[in-house]
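Each chain, letter by letter, is given below.
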2 protein chains.
Amino acid sequence: MTQEQYSKYSFLLDRTARKVKQYAQQQFKTGDFDVTVDQWLVLKNLSENNLLSQTELANLVFKDHPTLTRIIDLLCKKGYVERVPHPQDRRSFQLHLTESGASKVVSLRPEIHQIREKAWENLSPHDFEEFKRILNTIYQNLNGESLDQ
Amino acid sequence: MTQEQYSKYSFLLDRTARKVKQYAQQQFKTGDFDVTVDQWLVLKNLSENNLLSQTELANLVFKDHPTLTRIIDLLCKKGYVERVPHPQDRRSFQLHLTESGASKVVSLRPEIHQIREKAWENLSPHDFEEFKRILNTIYQNLNGESLDQ
DNA sequence: TTCATATATTTGTCACACTAACTATTGGTA
DNA sequence: TACCAATAGTTAGTGTGACAAATATATGAA
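Reading guide: rules and limits
Residues numbered from 1 in each chain as written. Chains lettered and ligands numbered in written order. Predicted model: local features only at pLDDT ≥ 70, side-chain atom pairs only at ≥ 80, totals over all residues. Heavy atoms only, no water. Near = heavy atom within 4 Å. Helix = DSSP H or I, 4+ residues; strand = E, 2+ residues; numbered from the N terminus. Nonpolar A, V, L, I, M, F, W, Y, C, P; charged D, E, K, R; others polar. Buried < 20%, exposed > 50% of the residue type's maximum accessible area, 1.4 Å probe, protein only. Arc of directions from axis to C-beta. Contact = heavy atoms within 4.5 Å. Buried area = accessible area lost by both parts, 1.4 Å probe. Salt bridge = Lys/Arg side-chain N within 4 Å of Asp/Glu carboxyl O. Polar contact = N/O pair within 3.5 Å; in protein donor to acceptor, adjacent residues only side chain to side chain.

It is worth spelling out the protein's contact with DNA strand C at this point. Surrounding DNA strand C, one finds 29 residues, the nearest of these being Thr 55, Arg 70 and Arg 91 of chain A together with Thr 36 and Thr 67 of chain B. Within 4 Å of the protein, the contacting atoms of DNA strand C are 62% sugar and phosphate, with bases supplying the remainder. If you list the elements that add at least two residues to the surface near DNA strand C, you get helix 1 (8-30), helix 3 (54-61) and helix 4 (65-77) of chain A together with helix 2 (37-48) and helix 4 (65-77) of chain B. Looking at the surface near DNA strand C, the element that brings in the most residues is helix 4 of chain B, giving 5 residues. Looking at the surface near DNA strand C residue by residue, the class counts come to 5 nonpolar, 12 polar and 12 charged.

And the structure:
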């Protein structure tokens, strides 16, 4: 694997990831979803897992702590999330989806599914499995220590 | 392709693209390369294609104009690139790699190859071809009009 | 108890992505 | 010639990502 051409994967990977995010964000915007793609990821994970700490949530969505702090700030401003003081540990918060946040997740979930499917035209379920396998292998190759599933 | 699980590709794609960039950036940093990953992409394309306009370069590297403006600004500050006024069109510039920029490209190219190869451990050349095919298909599915190569 | 160390979160800085608005210039057309 | 739409590039605003450092609290050992 010493050929010149092998450098191109990083370009294609970055380009495609940006396109996927950009496409979704445009659809979010025309649909007046009132959240960004990354804010949606956080909301979705909170809806499946209430009362997480910020650290736990950061590990779920693979964002670093400063980034997550700022996303939570924005979601709090919009009224979708609340920071509840942790009863035992005064350093940390339990993140709580508000009524408004919960209904936002319910209403957006099917629409976002449709948006996500668009990328898979002309591709097979087998392609999907291969894609996931390759992405996970690359991730683990570069991840140093842990295997995290 | 209507299953719940098909939403996950966007998460894995984003996560892996970030990891690839982060890994490379760390290596760039420990090697004192004095450029970011995106600045390298621009330098590399300039070295293969001198005297491009910013618009032409933007189309090559798939970055938007404001982003490219700032990357060029930084590369000019570092002395790797110059903006030469276009002889016929006073709106535009021809981008020119300086001596310093050209030798930077020569010295970094092999090191960056090594960094990029790390991602492909445990993967085959066939995986590489499949990966490129899937990435390009997704890109084109979302790209609306053009097929760009 | 007290101190060193670890953990949870925030803040600051720099780089990049996307949008919108703006300047300057060009080129076609009335 | 005078206008006007299109083009090249820049600037500003917001959101995100990575990294370093700061703050507050917790925990374990001396």
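Turning our eyes to something else, we now look at unusual backbone geometry. Residue and element names in this part refer to chain B. Positive phi outside glycine occurs at Asp 32, with the angle close to 55 degrees. The topology assignment puts Asp 32 in the loop between helix 1 (8-30) and helix 2. Of note in the backbone geometry, Phe 62 takes a positive phi value of approximately 55 degrees without being a glycine. Its place among the elements puts Phe 62 in the loop between helix 3 (54-61) and helix 4. Under the relative-accessibility criterion, Phe 62 is labelled partly exposed at 22%.

The subject of this paragraph is helix 3 of chain A. For helix 3 of chain A, the complete set of buried residues consists of Gln 54, Leu 57, Ala 58 and Val 61 of chain A. Down the axis of helix 3 of chain A, the sector holding all buried residues measures 105 degrees, keeping them to one side. Each element contacted by the buried residues of helix 3 of chain A is listed here: helix 2 (37-48), helix 4, strand 1 (81-85) and strand 2 (93-97) of chain A together with helix 1 of chain B. Just downstream of helix 3 of chain A, Phe 62 of chain A is the residue with a positive phi angle, here 60 degrees.

Turning our eyes to something else, we now look at the interface of chain B and chain A. Chain B puts 56 residues into the contact, and the matching count from chain A is 56 residues. Of the roughly 6000 Å² buried between chain B and chain A on both sides combined, carbon and sulfur atoms contribute 63%. Seen at the junction of chain B and chain A, the total is 4 salt bridges. Between Asp 127 of chain B and Arg 133 of chain A there is a salt bridge whose closest N-O contact spans 2.7 Å. Where chain B touches chain A, the interface holds 20 residue pairs in polar contact (both at pLDDT 80 or more). If you list the elements that add at least two residues to the side of chain B that touches chain A, you get helix 1, helix 3, helix 5 (99-117) and helix 6 (125-142) of chain B. Among the elements that take part in the side of chain B that touches chain A, helix 6 of chain B stands out by supplying 16 residues, more than any other. Looking at the side of chain B that touches chain A residue by residue, the class counts come to 24 nonpolar, 14 polar and 18 charged.

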